[in-house]
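Read off the chains here:
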Amino acid sequence: MKKFLYTKSIPKYLKLFKNIKTFQHNFLIKLKKTMIIINDAIEKYDYLKNIAYKTLNSISSPAEAQISIIRTTGINISTRYGNLENIEFHNDNILTVTLYLKQNKGHVTSNDFNEKKIPDIISKALNIARYSSPDPCSGLANKSLLAYHNLDLDLFHPFEYNIKDVIDFTAHAENIALKYDKQIIQTEGAIFNSLTITKILANTHGFFQGYHSTQYSLSCGVIAKNNNDTMERNYDYTTNRSMKKLCSSEKIGERCARRTLKKLNPKKIVTIESPILFSAEIAASLFNHLIHAIHGKNVYKKSTFLLNDLGKIIFPNWLCIKERPHVPAEIGSAPFDNEGVKTTDRTIIKNGMLCTWLLDSYSARKLKLHSTGHANNIYNWYVNCNNINLIQLIKKMDRGIIITDLMGQGINIITGDYSRGATGFWVQNGKIKHPVHEITISGNLKDMFLNIISISNDIETRSNIKCGSILISSMMIAGK
């Protein structure tokens, strides 16, 4: 890993240099070199393919092998009170060699791309395989499932940085939030992040593919204080494959400020049982629990509350979830998984019924099934909504709590028991009355899934789970 960090504290150490000009000169040279590293993904691609090719061809029969190369370059810029706080550059290279000697597996990871080191890496993987315990479910992905044909999903949108412009872009979001209202008293900073990822995968089944992807984000957080000296914090962010499609820093700053001000003057409530409305950005977390529950590893280990529910109704009969891995330029799109298995359109939930597990090759063999191409993560999930907006959904709830923030990890994926700290807003007669805090919501995920009344059309688009706000008929709320 190559990393270079610049912070405001550096001036304290300038006495180590003969003069400040020497420091500035060295910093600018390093900055220029690092920018070249960040923008050379295409130029490096042939070099990385050559490394993968030579590594694969250095492996002799009867061993089977998979070679993975992931190169990540990027920049992280943070500001505080409109001033540059730090710049961090990343240039990470990871070579992974996985060997199979019949049912024995050897796995070695290295960041040394020196071609002379390749025999040593392979030798280490072979030694690990020779002394590992045999496992009949180990092995490469089924040859018939591999993505042999290249697929361009428009995931790569390189952006030539002007560092000063990016710093100004980041600081502007923070400045807008700070100036929005006199009750905004403090900043938690603004952060700009960019990543360029090159992924190459090859194996002894004749599979050899790769692709580039980019992702950019901008976030901002502030603290507000009311007349009673109580303080609240909140944030907002934007993310996209393309820098040009990020929300403006002005919009992020304004949304951040408004979200924070709305949380001022929260009240406690008594312990009750009432309807719960999960806001769109929080609603996706419910489906993250579904992902864990139907992941092949938890299924073959029998450590999921949905163990016996494949092919059964677990949601209302109007609810459907479709997975679409090939949507151009989307956050969750990918042509193949970490084993080279081709990604395909898939129905996860149909009319409330659980249609599939999420399987890699190992868990598929454990369950005597086929890989579904989920050796890394899910792709783009689209949760259908009802023909209703958020205001209408709040009126439909009439009385209850809108959850906007969750805390803690009180989820038991074996039993489905759910308990998390939360903050949000109290709703009375279909209208938001005041913020609430210091509450705990609890229930069981099976009941929560079945008790979904409606989903509004305010779709959250910043993650790979596209979902609107969710209204659940009833949950326990522990208050004062």
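Enquirer: Describe helix α2 (residues 41–57), naming the residues involved and giving the relevant values.
Expert: End to end, α2 covers 24 Å across 17 residues, agreeing with the expected 24 Å (1.5 Å per residue, within 8%). For α2, every residue scored as buried is listed here: A41, Y45, L48, I51, A52, T55 and L56.

Enquirer: Describe in detail the nonpolar core, supporting the description with residues and values.
Expert: Ranked by internal contacts, the top residues of the largest apolar core, which has 51 residues, are F278, F287, L290, W381, I403, I441 and I470. With 8 residues, the single largest contributor to this core is helix α6 (residues 280–293). Residues contacting L290, with those up to four places away along its chain left out, are L306, I314, F315, I321, I349, W381 and F449. Core analysis: the next-biggest nonpolar cluster, separate from the first, contains 27 residues, I77, I87, A190 and L264 among them.

Enquirer: Could you give an account of the layout of surface pockets, with specific residues and numbers?
Expert: For the largest pocket, the calculated volume is near 920 Å³. K199, N338, E339, A375 and N376 are, among the 40 residues lining the largest pocket, the residues nearest its centre. Elements supplying a minimum of two residues to the lining of the largest pocket: β2 (64–80), β3 (83–101), β4 (104–110), β5 (184–203), β6 (208–225) and α8 (361–366). Counted by class, the lining of the largest pocket contains 15 nonpolar, 18 polar and 7 charged residues. Of the pockets and cavities examined, the second largest pocket occupies roughly 780 Å³. Broken down by element, the lining of the second largest pocket gets its largest block of residues, 4 residues, from helix α5 (residues 249–262). Its residues assigned to classes, the lining of the second largest pocket shows 8 nonpolar, 5 polar and 10 charged.

Enquirer: Please set out the packing of aromatic side chains residue by residue, giving values where relevant.
Expert: Taken as a whole and judged by the stated rule, the model has 10 aromatic pairs. Ring centres 6.1 Å apart and planes at 65° place the aromatic pair Y148 and F207 in the edge-to-face group. Taken as a pair, Y148 in the loop between α3 (118–131) and α4 (163–179) and F207 in the loop between β5 and β6 lie far apart in primary sequence, 59 residues in all. An aromatic cluster of three or more residues is present, and its members are Y148, F207, Y211 and F336. The ring of Y235 carries R259 above its face, with NZ or CZ at 5.6 Å from the centroid.

Enquirer: Give me the lowdown on empty space enclosed by the protein, citing residues and values where you can.
Expert: According to the stated counting rule, one finds 1 cavity of 30 Å³ or more in the structure shown. Taken together, E232, K263, P266, T404, D405, T423, G424, F425, P435, V436 and H437 make up the full set of residues lining the largest cavity. The set of elements that each furnish at least two residues to the lining of the largest cavity consists of β13 (400–407), β14 (417–428) and β15 (431–444). Of the residues in the lining of the largest cavity, the class split is 4 nonpolar, 4 polar and 3 charged.

Enquirer: Give a description of helix α9 (residues 390–397) that names residues and reports values.
Expert: Those residues of α9 lying buried are L393, I394 and M397. Angularly, the buried residues of α9 cover 100° about the axis, an arc narrow enough to put them on a single face. Exposed side chains of α9 directed beyond 90 degrees from the buried face belong to I391 and K395. As for α9, its buried residues are in contact with β8 (272–278), β13, β14, β15, β16 (452–455) and β18 (470–478). Two or three places before I391, at the opening of α9, N389 has a side-chain oxygen 3.2 Å from that residue's backbone nitrogen. Remark: D398 follows α9 within two positions and exhibits a positive phi of approximately 70°.

Cut-offs used in this document
- Each chain has its residues counted from 1, running along the sequence as written.
- With pLDDT at 70 or above as the cut-off, local features in this predicted model cover only qualifying residues; side-chain atom pairs require 80 or more to be listed or tallied, and sums for whole chains, interfaces and linings still use all residues.
- In computing side-chain properties, one takes all heavy atoms of the structure into account and sets aside hydrogens as well as water.
- Only DSSP runs of H or I reaching four residues or more are called helices, and only runs of E reaching two or more are called strands; each is numbered from the N terminus.
- Every helix has an expected span of 1.5 Å times one less than the residues it contains.
- Working definition: with a 1.4 Å probe on protein chains only, accessible area under 20% of the residue-type maximum means buried, over 50% means exposed, and in between means partly exposed.
- Buried Ala, Val, Leu, Ile, Met, Phe, Trp, Tyr and Cys residues that are joined via side-chain atoms within 4.5 Å together make up what is termed a nonpolar core.
- Any pair of residues with heavy atoms lying within 4.5 Å of one another is described as a contacting pair.
- Throughout, the protein atoms alone are placed on a 1 Å grid, and a set of points is a cavity if a 1.4 Å probe fits but cannot get out or a pocket if it is open with protein on both sides within 12 Å along at least five of seven lines; lining residues have an atom within 4 Å of a point.
- Grid points are joined across faces, edges and corners, and a volume is the space filled by probe spheres set on the points.
- Three residue categories are used. Nonpolar comprises Ala, Val, Leu, Ile, Met, Phe, Trp, Tyr, Cys and Pro, charged comprises Asp, Glu, Lys and Arg, and polar comprises the others, including Gly.
- Only centres within 6.5 Å qualify two rings of Phe, Tyr or Trp (six-membered ring in Trp) as a pair; their planes then separate them into stacked at under 30 degrees, edge-to-face at over 60, and tilted for everything else.
- By definition here, charges over rings are those cases where NZ of Lys or CZ of Arg is within 6 Å of the ring centre and within 35 degrees of the ring normal.
- The arc in question is formed by the directions pointing from the helix axis toward the C-beta atoms.
- In protein, a polar contact means a hydrogen-donor-capable atom and an acceptor-capable atom, both N or O and within 3.5 Å, with residues adjacent in sequence counting only if both atoms are side-chain atoms; elsewhere, any N or O pair within 3.5 Å suffices.

Remember that the coordinates give geometry; whether it matters functionally is a separate question.
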